[in-house]
Amino acid sequence: MIERKPYSMLTILLQGCLWIIVSMLVLSPTSLVYAQDPDDEEGEIFWGGDEEEDEEYAEDEEEFLDDEEYYEDEYDEEEADEEYDEEDEEEYDEEDAEEEYDEEDAFEDEETGLADEAESLGWSIDISGSSPRFVNEALMTWNSSVNVRASIEAPLLMEIMGMKFRFGAEFGTYGFKDSMPPQTAELTGMTAMGIMSFPIGPGKIKAGVGVIGKSVGSIFESSYGLRLGALGIRVGVRYAAILTPGADVQENWITAPPTLGWMDGLVAVGVNL
């Protein structure tokens, strides 16, 4: 037979306290929360959860700083590109200014060269003699004579599209006689032309418009030769045409021809003063 010993009230209280302590030890959480000292300089308390938020905020801040550095780098690159573009524009402007300056210098040099060349040519006087060799149908039965003319060119040289030319004037004679009997008609008179002369080395080309007798006419002349100092000798051809027949032509033809034309062989002697 088993005997049971009675428990006293003190024993029961001690056992109860022991069970409570054991239960608290068993049921207490494994993670501990640490509080910050309230005596912190800013007087704020940060809990464990806030530390995680601080870490996330720090990471975001680092990312923001990285982005800011990236944007700053891009901005610096853009500024560098702008500065580079400005330098290129300044260089381009300087090149344009140099080109314009060179063009102005070239233009001034060209004008100076033309002036010097015209001054070296001086006043030019040509004396020539010619005789018609080819005529149009209206003058087939007309005889011709030797014609003499003189021209003078001013010491003014101009240039257009690479062609240099001078202005001048020419005066001379012309004459034809009808050889078909019993006709005794004559077409003679003086010529006066305003001319443009194109000097080509020792040669010369002339073109002019003016009056031939009492009619309006034009001339074209091309000659080439050699130059001996201020003196030049040239041979060439010359074409003259009456464009608008005047009274002298109408008197000698029953039906006046619309144009009269002839080609001369010429010899010219020129001198530069």
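For the structure, see preceding data.
About the criteria used
- Each chain carries its own residue numbering, running from 1 in the direction its sequence is written.
- The predicted nature of this model means local features are confined to residues of pLDDT at least 70 and side-chain atom pairs, given and counted, to a pLDDT of 80 or more, with totals for whole chains, interfaces and linings taken over all residues.
- Hydrogens are left out, water is left out, and the side-chain values use all remaining heavy atoms of the structure.
- Strands are runs of DSSP state E lasting at least 2 residues, helices are runs of H or I lasting at least 4, and numbering of each runs from the N terminus.
- Burial status follows relative accessibility: with a 1.4 Å probe on protein chains alone, a residue under 20% of its type maximum counts as buried, one over 50% as exposed, and anything between as partly exposed.
- Note on contacts: a residue pair qualifies if any of its non-hydrogen atoms lie within 4.5 Å across the two residues.
- Only the protein chains shown count as covering a residue, and every accessible area follows the Shrake-Rupley method with a 1.4 Å probe.
- Every case where a carboxyl oxygen of Asp or Glu lies within 4 Å of a side-chain nitrogen of Lys or Arg is listed as a salt bridge.
- Throughout this description, the term nonpolar core refers to a set of buried Ala, Val, Leu, Ile, Met, Phe, Trp, Tyr and Cys residues connected via side-chain atoms within 4.5 Å.

Side note on the overall build of the chain
Reasoning step 1: Helix and strand counts for the chain stand at 3 helices and 10 strands.
Reasoning step 2: Mapped from its N terminus to its C terminus, the chain presents α and β elements in the order α-α-β-β-β-β-β-β-β-β-β-α-β.
Reasoning step 3: Burial statistics for the chain: of 273 residues in total, 23% are counted as buried.
Reasoning step 4: Sequence separation of 24 or more characterises 56% of the internal contacts of the chain that already satisfy a separation of 6 or more.
Reasoning step 5: Entry remark: accessible area of the chain is about 19800 Å², with carbon and sulfur atoms responsible for 59%.

A look at the pattern of salt bridges
Reasoning step 1: Across all of its chains, the model carries 9 salt bridges by this definition.
Reasoning step 2: The partner of Arg234 in a salt bridge is Asp126, with the nearest N and O atoms 3.0 Å apart. Note that Arg234 is positioned in strand β9 (residues 231-244) and Asp126 in strand β1 (residues 124-135), a separation of 108 residues in sequence.
Reasoning step 3: For Arg234, a relative accessible area of 5% corresponds to the buried category.
Reasoning step 4: Residue classification places Asp126 among the buried residues on the basis of a relative accessible area of 5%.
Reasoning step 5: The partner of Lys177 in a salt bridge is Glu186, with the nearest N and O atoms 3.6 Å apart.
Reasoning step 6: Taking relative accessible area as the criterion, Lys177 reaches 47% and is therefore assigned partly exposed.
Reasoning step 7: For Glu186, a relative accessible area of 42% puts it in the partly exposed group.

Points about the nonpolar core
Reasoning step 1: Residues Leu139, Trp142, Phe176, Leu187, Trp253, Leu260 and Trp262 are the most contacted members of the largest nonpolar core, which totals 16 residues.
Reasoning step 2: Sorting the residues of this core by element identifies β5 (163-178), β6 (186-200), β9 and β10 (260-272) as the ones contributing at least two each.
Reasoning step 3: It is β6 that contributes the most residues to this core, 3 residues altogether.
Reasoning step 4: In this view, Leu187 contacts Trp142, Tyr174, Gly175, Phe176, Asp248, Val249, Asn252, Trp253 and Leu260; residues no more than four positions away in its chain are not counted.

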